[in-house]
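Chain by chain, the residues run as shown.
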Amino acid sequence: MTATATQTPATADADRAQPLLSVKDLKTYFPVKRGLMRRHVGNVRAVDGVSFDIGQRETLGLVGESGCGKSTVGRSILRLIPATSGSVTFDGEDVFAKSHAQMKKLRRQMQIIFQDPVGSLNPRMTVGRIIGEPIIVHKIAKGSELRDRVATLLKKVGLEPDHAFRYPHEFSGGQRQRIGIARALALEPKFVVCDEPVSALDVSIQSQILNLLADLQEDFGLSYLFIAHNLAVVEHFCDRVAVMYLGRIVELADRDTLYRNPLHPYTRALLSAAPTPDPAGKKQRIMLEGDVPSPIHFFKDNGKPAAHTDKAGPDEHTEAGVTHITRQSLLDRPPLQEVPNEPGHFVSTHGFE
């Protein structure tokens, strides 16, 4: 199927099976109130029209700078943060249409691994209670059966069964993240949001956690939304990659295509900043000039970028072998279009030559 300018990545690949998760035009705004009367003066457009699919056993990487809305996307999907508009369909069910009781049942299939392995664990609870809590809440097991399930989960993530009697402060950062992963797997979900699960860990520990997540995906048939800012990690771990800038996806493609042929100037700038293992290797450096625009003041009342320009393409120049791109020229984010002769590769552009 050939995609048109109005198509979203969620409908482009006709050969892909029915997706496990389908996100369409997701928007999450936070109101800004000022003054003595707390008058509503605007919105923080944290997520401003995001669409993508995630298939069975697939890992979609979501990358971008801090503050671009990555984590808000993941939490909005799980309804940990209320979305403003859009739709999320999980396994054929409308997530946003579920009542509180219905959502509790659906949460067995949708879990999250948090970024901070320290703050995400209750310091007053033993590891056994932390992992067993979702099992108790959903009335799956109790007594000796509960203890057996917790022991099995601990062994699955590389810990010992007797660790269930210890407290989180007795473990290292990597071990705490393993506990968080065990808790996410306690209900045997189909889909897991990995919210920067290795960014707070040492490099040597990161590889261990990534290998663990890959093994668990194979064993349990999991699908991941992998939120990260480390492009080397994403290249190693993800099947497809979506690049976010100021609340929107500006490029989406399979991993190999995106790293081989990045088309959006923001994507090229991110990839050029990634370190390379070869110190003698040379690559074109692309610098983004200017401060990151505020998502509060960045829009006019009609939702158009406040600094919108009719000039197509980025404002860039090359000096001393380095290409400079102004952030101001990236404020205009047209709808995604499929790249000619590259099925499944979408980029935010006004058109192709």
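Check the entry above for the structure.
Numbering of residues begins from 1 in every chain and follows the order in which that chain's sequence is written. Owing to the predicted nature of the model, reporting of local features is limited to residues with pLDDT of at least 70; listing and counting of side-chain atom pairs is limited to 80 or more, with chain, interface and lining totals taken over all residues. Computation of side-chain values: all heavy atoms of the structure, hydrogens and water removed.

A. Up close: empty space enclosed by the protein. Buriedness of a pocket was judged along seven lines, with at least five required to meet protein on both sides within 12 Å; pockets are open sets of points on a 1 Å grid over the protein atoms alone, cavities are sets where a 1.4 Å probe fits but cannot get out, and lining residues have an atom within 4 Å of a point. Grid points are joined across faces, edges and corners, and a volume is the space filled by probe spheres set on the points. Scanning the model with the defined rule gives two cavities of 30 Å³ or more in all. The space that makes up the largest cavity amounts to roughly 40 Å³. Lining of the largest cavity is provided by V63, L231, V241, V243, L258, Y259, T267, L270 and L271. At the level of secondary structure, the elements contributing two or more residues to the lining of the largest cavity comprise β9 (240-245), α8 (255-260) and α9 (265-273). The element that contributes the greatest number of residues to the lining of the largest cavity is α9, accounting for three residues. Considering only residue class, the lining of the largest cavity consists of eight nonpolar, one polar and no charged. Helix and strand assignments follow DSSP, with helices taken as H or I runs no shorter than four residues and strands as E runs no shorter than two, numbered in order from the N terminus. Gly counts as polar in this scheme, as do all residues outside two lists: the nonpolar Ala, Val, Leu, Ile, Met, Phe, Trp, Tyr, Cys and Pro, and the charged Asp, Glu, Lys and Arg.

B. Spotlight on the environment of E251. For E251, the position within the fold is in strand β10 (residues 248-254). Note on E251: relative accessible area 0%, which makes it buried. Considering only alpha carbons, one finds E251 and S348, 97 residues apart in sequence, at a separation of 6.2 Å. N or O atoms within 3.5 Å of each other form a polar contact, as long as, within protein, one can give a hydrogen and the other can take it, and as long as residues adjacent in sequence are counted only when both atoms are side-chain atoms. At 2.9 Å, the side chain of E251 forms a polar contact with the backbone nitrogen of H264. Here H345 takes part through its side chain, which lies 2.6 Å from a polar atom of the side chain of E251. Three labels apply to residues, based on accessible area from a 1.4 Å probe with only protein chains included: buried if under 20% of the type maximum, exposed if over 50%, partly exposed otherwise in between.

C. Focus on the packing of aromatic side chains. Planes of paired rings set the category: under 30 degrees apart is stacked, over 60 is edge-to-face and the rest tilted, where pairs are Phe, Tyr or Trp rings (Trp by its six-membered ring) whose centres lie within 6.5 Å. Tallied over the entire structure, the rule returns four aromatic pairs. On the basis of an interplanar angle of 25° and a centroid distance of 5.9 Å, the ring pair of Y224 and F237 is categorised as stacked. Here Y224 is found in strand β8 (residues 223-228), whereas its partner F237 is found in helix α7 (residues 231-237), with 13 residues between them in sequence. Here F226 and F237 contribute two aromatic rings whose centre-to-centre distance is 4.8 Å and whose plane-to-plane angle is 45°, an arrangement assigned as tilted. Here F226 is found in strand β8, whereas its partner F237 is found in helix α7, with 11 residues between them in sequence. Given the relative accessible area of 0%, F226 is considered buried. Judged by its relative accessible area of 9%, F237 is buried. Aromatic ring contacts, followed pair by pair, group Y224, F226 and F237 into a single cluster.

D. Up close: the sheet that holds strand β1 (residues 21-34). By this definition, two strands are paired if DSSP reports at least two bridges between them. Read across the open sheet, the four strands follow the order β2-β1-β4-β5; overall the sheet is antiparallel. Each end of this open sheet is capped by a strand with a single partner; those strands are β2 (39-54) and β5 (93-94). The pairing of β1 with β2 spans 12 bridges and is classified as antiparallel. The partner of K33 across the bridge, within β2, is H40. Along the sheet, helix α1 (residues 70-77) contacts β1, β2 and β4 (85-90); its crossing angle with β1, the most-contacted strand, is approximately 110°. We call two residues in contact when some of their heavy atoms are within 4.5 Å. Fitted lines through C-alpha atoms give the axes, limited to the stretch in contact for helices. The angle between two N-to-C directions lies from 0 to 180 degrees.

Distances and angles like these do not, on their own, reveal function.
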